[in-house]
Every structure is written in structure tokens, then in C-alpha cells.
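# Residue-level structural notes
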Amino acid sequence: MDFLSHLALGFGVAFTPVNLLYALIGCLLGTLIGVLPGIGPVATIAMLLPITYGVPTVSALIMLAGIYYGAQYGGSTTSILVNLPGEASSAVTCLDGYQMARKGRAGAALCVAALGSFFAGCVGTLLLAAFAVPMTELALKFGPAEYFSLMVLGMIGAVVLAHGSLLKAVSMIILGLLFGIVGTDVNSGMARFSFGIPELTDGIGTGQIAVGVFGFAEILMSLSRKETHDVLHEKLTSLMPNRQEVRRAIPAAIRGTTIGSLLGVLPGGGALLASFAAYGLEKRVSKRPQEFGKGAVEGVAGPESANNAAAQTSFIPLLTLGIPPNAVMALMVGAMTIHNIQPGPQVMTSNPGLFWGLLASMWIGNLMLVVLHLPLIGMWVKLLTVPYRLLYPAILLFCSIGVYSLSNSTVDVYMTALFGFMGYVFAKLECEPAPLLLGFVLGPLLEENLRRAMLLSRGDPTVFFTRPLSLTMLLLAGFLLLLIVAPQFRKTREEAFQEGEA
Amino acid sequence: MAKIRHPKDFFAGLMFIAFGLGAIIIGSGYPLGAAARMGPGYFPRILGILLLVLGGALSIRGLRLEGAKITLESSRPLIILIGSVVLFAMTVSTLGLVLSSILLIVVSSAASKEFRWKEALVSGVILSALSVAGFIWGLGLQFSVWPTFIGGR
């Protein structure tokens, strides 16, 4: 069967010493930033983007992917032991994880979180492998009109599933699209919005926007928070959950994996939304809802499985359709473009080693994480005692050097500082930056496909409605927009995000 | 004169209007082309108009809905952080990586309320050494390490 030969190819690529090393670096780095509050995978991947320039493509992607799912493992540790989300997607784990720790079940909570994540990671990777071929075949049938509609659907979906004001999110996407087309127009060779700055004719770098808007903003927000680390000092006596905990955790992990896998694929989904949704689900289906918030093991197993499953399946739309469903995947597009690879259905055929190698590395990475994570917890906890006032200047320095190193250009650093300021303004006005990054990455693609579709139809805009696949996607997008106006859905959407903030 | 009831929406709207206007005005010099053969000005024009409409809607909403005030308590750290990065950009090619790194660390440390001179300097020296080791020896990046005016590379 094809499937087996693909897997053999993938493991062949992933098992080379270099790639194993990069997977390990990615996983460890991911865990590290997952454990540390105030820096997330978006900022880290953005910071490392320029550095991956000198690394082989497969190895670079393996490492960056490792950071994303590694962060899901690390985030739970801080949530459980310190009652502070190390990662936004582990925020709900605080609710029950920390309560378990206070009852002396910290070891069990950590173990459940890690094993649940591992199970979810395996399922997510399998799903990616299974859906890759059919999705790619579908995508190869797409013309420019279909691609345009797919991107519209993706962006609308991202807005509907994100939290905050709809109007602002749509505006942020369009602003992102505008930033995306800065630089030389491919068709006419004309430099657009470059303000006479030669560096800008190449366009704005993904790293500059992401480091500025996410990285700097994260530091600023963390600085205004008070530092109240209250690390649990009790010895972790036993890591093993008891029989009753296991019996309650297993179905929760399966439910979490299911919902996480689904939400990971959806545009705007990803790890964050998945963990919130899984917690809500667990609370609803539980026979003991009164135990939630007081140390229910399901409240750890569900969300932690969900966020890792989603981290894996969010690669599906990226690798098969070339459409990033969330901000981290948008950065992966950036990483691929640095290496002159246009993400999309052609990657699997033109570059099978890259595709299946990345996939196999995810499974290996998950295995490394589950084996390494628990023994290393003591070390991660020590890291948490490093005060933030020493940490953030270091993050800032590495960000600046990273951006500068891409083309030894100080203009890039000034741009990053400018985006840092914008990120602050966005945060103050409650404008979510994730849609901006999505729009930014899709900008050139959207314009190109719009142009081609209109050229083929000789300027007739109805082409988007007369081709069945394109029409279906636009109808779906319209339906999503209608949903959000419906008061019932609106209420559940707000509730889903409030659980963790409470 | 209507009252601004929801400042976050109102000013976000103004911001999008400004970006939209900017796109239309700067983009007015780019050839528009026709729908079948779009010039470089076509797509930016669409985006600019959309931003104007959405920004306008947001601002109007900001006049009608109630909302929380904008607090500016973290503007001091903002200025220090952005300033330290700008300073790094200004100095890195002339002063070299070692000195500009220390500068960035010390200046940006001042954004914290618990700033201490000695601690910031020590961490600056350590991190500067680490970045030279990591970025220049480890990754082989081509930076100037020492100030160019005293004959450094």
C-alpha cells in the first residue's frame, strides 16, 4: 500500500541524526517557552524564522513544528504547579490542575497531561497522514476562483471562531492583506507602498510583523502584570495516577482528542480554542459537574489532549491546501517561503521527503516529549524561579538579533520596533493581532488568485458563484457570518472563551 | 457634537479609516487597470475602501455603545522597550554586537519596576557573551563584533 511506503520514506527522513537533533531542539525549546509565561510559540517561531535560513528546509520545519507542540506539553506544567498559564492554550488547565496539585496529586496531574497529550499527538499525526492524500487530490482540482473563495472562507472562519469584536477582526484581516501586498507587484514590477525605502520593495518580513506585534506586545502585557510566582514546593511523590483517576481520564482524553482534532483543522481554530472547547465539553458531559474547579482529573485530561491534537491537525490545511488556519501556521508559511517553497498541494508531490519527513518527525517528537518531559520537570520548575525582569531583556535581545541577522539590515529592526508599537496600540484598542497575521500571509495569494480568476472570466465577477466548488465555499462563509449574528451562537461563543478567564 | 461612549471602538475605527485613506491616497498613483486585467492599484483600492467602510462603522458604533476607557498605564515600559530596540538598530553596525547587546539589555531592563543597575549590567555582559558565542561562532552569522572605529571587524 502507498501509505506504508510513504511512512517508510518519512521515517527515513526523520530518523537521520541531523533531523532527530532538530526535532529534539524544537521539542525542548517548545517545552521551555511553554513553561515560561510571557513568551509563546508565535513569538518564538517568529524569532527563530531568520535563523532557520541557514538550516536545511526539512530540519527547519521539523524544529519549528516541535516548538508548537512542545509548547503544549510545557504549558500544562506551569498551569498545574504555579496556577499560571505557561501557555494561553493551557489556561483552562489551571482550574483543575492546580487544585489537584494542592491536594497532593500534582504528579498524577502532570502524568495525565503528558500521557493525554501523547495519545492526542499520535492520533493527530495519524489523521494528518490519512487526510493528506485525499485533501491534496481535491486541492489539485482547484482553479484560481476556488482558491480565492477558499481563502475568503478561511479568513471568515478565523474571524468567527476568534474572540472579540467581529468588525474589528475583519478590519484587522484587511489591514493584514494591505501589509501583505507591500513591495514589488509581481505582474507589473511596480513597487507599492515602499515609501522609497529599498528594503521595503521586497515586502515586509513575516518575522518583523510577528516579533513586533506578538513578541513585544507579550512582553509589555507581562510587564504590567504583577509577578506572583507561587511555585509549589512539595516534593512530587508519585507520578502515577491511581486507578480511579485513570478510569476517569481515559474517556476524557479521547473526547478531548476528538474535539481538538476537529477544531485544529478549522480556520481560526488551533490549540487555544480546542482546550477551551474541551473543558466546556467535559463539564457538560460529566456526571459530577460540581467537582470541576476543585480538582477533577477530566478537567486536565480533556483540554490537554485537545490542545495537542489541535496543534497537530492544524497542519492539515497548511500542508494540503496551503492555507494557514492560525497564526502559528501563518509563520510556517513564512518559514517555507524563506526556503523558496510555496505551501500547497504541490508540496506533497514535488517534495515528498519534506512532507512525510515532517509528519514522521511529529510522532517521534511526541515520543521524545513524553519520555523526556516527566523526568525533566524538576529542571523546568527551577526555570520558573528566574525572575521575569531578567528574562524579558534576553527575549528582546534575541528577537532583535534574529531580525537583524536575516539580511544584516537595520531597517528590518526599525520596522520591528514600529510593529511593536502598533502591537501596543492594537492591544490597547482590543484589536486581536492573529487575524492581521493571517491576512498578511494570505495577501499576495489572494490578490494573485483574484487577478487570475478575473482574467480567465474576462472580468466577469460572477465566476465565483457559477463554479460549484467556489459557490459552496462562499455559501459556507456566508453561513458562518450568519451564525455569528444569531444571538444563540453568539452567547455560546462568548461563554467558551470566558471559562478560562474566570 | 456626539459623545465618544466606547473609546476603544471609536479610536480603532479612526485608525482603520486612517490606514484606508493612506492606502487610497498613496495608491492613487498606481495604474488601476480593468476588472479583467487588474493593474497594481486595483486590489489596494478595494482594500482601502473596505477599511474606510469598516472603520466608519466602528467609529459610529463607538459613539453609540458604552465601553471601557483606554488606560495608558504601561506607556513608560513601552517607550523604554521600543527605545532600546531602536538604540540597538542604531548602534549594532558601528559599535558592534558586544556593546550594542549590553546597551539593549541595560536600557530595556529599566522598563521593569524592580530595575537594579548592577544586576542589569551583569546580565548584559553574560547575554552579550552568549549571543556572540551562539550567533557568531555557533551559527556563523556575519556581524561586526567590536566597534569599527577602533579597528574591530
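Residues numbered from 1 in each chain as written. Chains lettered and ligands numbered in written order. Predicted model: local features only at pLDDT ≥ 70, side-chain atom pairs only at ≥ 80, totals over all residues.

Right, let's get into the overall build of chain A. Helix and strand counts for chain A stand at 22 helices and 2 strands. Taking the principal axes of its C-alpha atoms as reference, chain A extends roughly 70 × 50 × 50 Å. Put simply, chain A has 502 residues, and 61% of those count as buried. When contacts within chain A are restricted to residue pairs at least 6 apart in sequence, those whose partners lie at least 24 apart make up 80%. (Helix = DSSP H or I, 4+ residues; strand = E, 2+ residues; numbered from the N terminus. Buried ≥ 20, exposed ≤ 12 C-beta atoms within 10 Å, placed from the backbone. Contact = placed C-beta atoms within 7 Å.)

Scanning chain B from terminus to terminus reveals 5 helices and 0 strands. Ordering the α and β elements of chain B from the N terminus gives α-α-α-α-α. At 24 Å, chain B has a C-alpha radius of gyration far larger than the 15 Å of a compact globule built from 153 residues. Scored against the burial criterion, the 153 residues of chain B give a buried share of 38%. (Rg over C-alpha atoms; globule rule 2.2 N^0.38 Å.)

On to the environment of A:A271, then. Residue and element names in this part refer to chain A. Its location among the elements puts A271 in helix α11 (residues 271-285). Residue class for A271 comes out buried when judged on the 31 C-beta atoms lying within 10 Å of it. For the pair A271 and Y68, spaced 203 residues apart in sequence, the C-alpha to C-alpha distance is 9.3 Å. Ignoring any residue separated from it by four or fewer positions in sequence, one finds A271 in contact with Q72, S89, N307, A310 and A311.

Below, the discussion takes up helix α16 (residues 352-383) of chain A. Helical geometry note: an α-helix holds 3.6 residues per turn, so side chains three or four residues apart project in the same direction. Over its 32 residues, α16(A) extends only 39 Å from the first C-alpha to the last, a length that falls short of the 46 Å expected when each residue adds 1.5 Å. Of all the bends in α16(A), the largest measures some 60° and sits at A:L376. (Expected span 1.5 Å × (residues − 1). Bend = angle between axes of the 7 residues up to and from the residue.)

If you check the domain split of chain B, you get domain 1 (7-64) and domain 2 (75-148). Between the C-alpha centres of domain 1 of chain B and domain 2 of chain B there is a distance of 39 Å. (Domains from an automatic or database assignment.)

The interface of chain A with chain B comprises 52 residues on the first partner and 54 residues on the second. Within the residue set of the side of chain A that touches chain B, elements represented by two or more residues are α8 (166-180), α9 (206-224), α17 (388-407), α18 (410-428) and α19 (434-456) of chain A. With 10 residues, α17(A) is the single largest residue contributor to the side of chain A that touches chain B. In the side of chain A that touches chain B, the residues fall into 32 nonpolar, 11 polar and 9 charged. (Nonpolar A, V, L, I, M, F, W, Y, C, P; charged D, E, K, R; others polar.)

Look at helix α3 (residues 75-95) of chain B: 28 Å from first C-alpha to last across 21 residues, which is about the 30 Å you get at 1.5 Å a residue. Within α3(B) the residues assigned to the buried category are B:P77, B:L78, B:L81, B:I82, B:S84, B:V85, B:V86, B:F88, B:A89, B:V92 and B:L95. In this fold, the buried residues of α3(B) make contact with α9, α17 and α18 of chain A together with α4 (97-109) of chain B. Looking one or two places after α3(B), you find B:G96, whose phi comes out positive at around 90°.

In a pair of packed helices, the angle between the axes and the distance between the axes together describe the arrangement. Residue and element names in this part refer to chain A. Running from N to C, α11 and helix α12 (residues 298-313) cross one another at 150°; their axes reach a closest spacing of 8 Å. By the criterion of interaxial angle, the relationship of α11 to α12 is roughly antiparallel. As α11 runs across α12, the sense of the crossing is right-handed. Between α11 and α12, the contacting residues are A271, A274, S275, A277, A278, Y279, L281 and E282 on the first element and E298, G299, G302, P303, A306, N307, A309, A310 and A311 on the second. Along the lines of polarity and charge, the residues of the contact of α11 with α12 split into 11 nonpolar, 4 polar and 2 charged. (Axes fitted to C-alpha atoms, helices over the stretch in contact; angles between N-to-C directions. Parallel < 35°, antiparallel > 145°, perpendicular 65-115°, else oblique. Left-handed = near helix turned anticlockwise from the far one by under 90°.)

Despite not being glycine, A:N340 has its phi angle at roughly 60°, a positive value. Relative to the helices and strands, A:N340 is located in the loop between α14 (327-338) and α15 (346-350).

Okay, the environment of B:V98 next. Residues and elements named next belong to chain B. With respect to the helices and strands, V98 occurs in helix α4. Sequence separation between V98 and V125 is 27 residues, and the spatial gap between their C-alpha atoms is 8.2 Å. The contacts of V98, once residues within four sequence positions are left out, are S128, V132, V145 and W146.

Bringing the environment of B:P7 into the picture now. All names here are of chain B. If you trace the backbone, P7 turns up in helix α1 (residues 7-27). Residue P7 is classed as partly exposed on the basis of its C-beta count, with 15 C-beta atoms lying within 10 Å. The spacing of P7 and A23 is 16 residues in sequence and 24 Å in space, taken between C-alpha atoms. The residues contacting P7, other than those within four sequence positions of it, are G62, G67, K69 and I70.

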